[in-house]
Amino acid sequence: MRMTSTILSSLATALFLLYSNLVYAAQANEQITDQNVLATVLNVDITMADVMPNEDERRNIKQQAKDSYADMVDYVARVNASNRIYDLVLKDYAKQKGISLNQTLVSKFTEKFENQVTSESATKPIGEIAAKQVMQYQTEKAMFEEFGGRVIFRQSNPQMPIDAYNTLLTRYRDEGKLTILDEELRDAFWDVFAPPFQYEIAPENIDFTQPWWL
């Protein structure tokens with residue numbers, strides 16, 4: 001009986017150690033995955049941890065995606081990574097061009113949308129949203145004036161100078177300022193700029209003299 005008890009105790013200890021090692025390995029692997037560098041822009045690394053949806057977003061994705069949860073989280077993370085690349089490049093381009101934030105446009109954006117943006121419905125204050133939208137408009141206007149090309153409609157951006165983006169981003173890539181290491185992200189990122197485009201704006205209707213919200 002004592003021998004059986006000793007054997008069971010040893011077996012339990014071994015199983016516990018095995019389980020602990022597996023858990024540690026899984027956690028370590030998850031940590032490594034989260035820290036994987038997806039892209040580097042202007043010497044800034046964009047890691048999976050940087051672009052993962054937050055807890056509330058993951059909860060919403062889980063409710064909607066169900067069995068496709070993992071794939072959807074991965075998709076959202078890579079969309080976030082693409083947006084992060086855009087932000088870093090546009091910020092650098094605006095700095096090079098000496099573009100300063102138009103406070104009048106910020107005020108007009110705030111006045112128009114402050115009643116629609118509440119603390120419950122937005123993750124950022126209206127002033128921060130307004131500043132980002134205005135700077136994006138000013139920078140895209142400068143890009144279009146410099147590079148020209150086709151402009152498309154997107155729900156998130158009614159007037160996106162798609163060819164100008166492609167020209168600018170390609171320049172950054174060729175100069176070694178933009179490197180996308182993750183193959184899936186790289187393919188999806190550059191596919192956006194390949195025609196045909198679903199909603200291309202006719203040249204005569206392109207107008208960057210004022211932002212879309214005025």
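In what follows, the structure referred to is the one given above.
As a starting point, this report considers the structure included with it. (Residues numbered from 1 in each chain as written. Predicted model: local features only at pLDDT ≥ 70, side-chain atom pairs only at ≥ 80, totals over all residues. Heavy atoms only, no water.)

1. Here's the deal with the packing of aromatic side chains
- Tallied over the entire structure, the rule returns 14 aromatic pairs.
- Judged by centre distance (5.5 Å) and plane angle (65°), the ring pair of Tyr-86 and Tyr-165 falls under edge-to-face. Taken as a pair, Tyr-86 in helix α4 (residues 69-97) and Tyr-165 in helix α7 (residues 162-174) lie far apart in primary sequence, 79 residues in all.
- On the numbers, 6.4 Å between centres and 40° between planes, the contact of Tyr-93 with Phe-147 is tilted. Of this pair, Tyr-93 sits in helix α4 while Phe-147 sits in helix α6 (residues 126-147), and the two are 54 residues apart along the sequence. Taken individually, Tyr-93 and Phe-147 each receive the classification buried, so the pair is uniform in this respect.
- In this structure an aromatic cluster arises from ring pairing among Tyr-86, Tyr-165, Phe-189, Trp-190 and Phe-193.
- Geometry around Tyr-69 places Lys-62 over its ring, the cationic atom sitting 5.9 Å from the centre. (Phe/Tyr/Trp six-rings, centres within 6.5 Å; stacked < 30°, edge-to-face > 60°. Helix = DSSP H or I, 4+ residues; strand = E, 2+ residues; numbered from the N terminus. Buried < 20%, exposed > 50% of the residue type's maximum accessible area, 1.4 Å probe, protein only. Lys NZ or Arg CZ within 6 Å of the ring centre and 35° of its normal.)

2. Concerning unusual backbone geometry
- The step from Pro-195 to Pro-196 runs through a cis peptide bond, and the omega angle for that step is 5°.
- With respect to the helices, strands and loops of the structure, Pro-196 is situated in the segment after α8 (183-191).
- Positive phi values are uncommon outside glycine, yet Leu-42 reaches one of about 55°.
- Tracing the chain through its elements places Leu-42 in the loop between β1 (37-41) and β2 (44-47).
- Overall, Leu-42 belongs to the partly exposed group, its relative accessible area being 28%.
- Unlike most non-glycine residues, Asn-43 shows phi in positive territory, near 70°.
- Take Asn-43: it is sitting in the loop between β1 and β2.
- What makes Asn-43 exposed here is its relative accessible area of 78%.

3. Topic: the sheet that holds β1
- Read across the open sheet, the three strands follow the order β2-β1-β5; overall the sheet is antiparallel. Edge positions in the sheet fall to β2 and β5 (178-180), since each of these pairs with one other strand and no more. Sheet twist, expressed as the average angle between the axes of neighbouring strands with direction ignored, equals 20°.
- Of the strand pairs in this sheet, β1 and β5 are connected by three bridges, and their pairing is antiparallel. (Pairing = 2+ DSSP bridges. Axes fitted to C-alpha atoms, helices over the stretch in contact; angles between N-to-C directions.)

In short, the description is geometric, and any link to function would need to be established separately.
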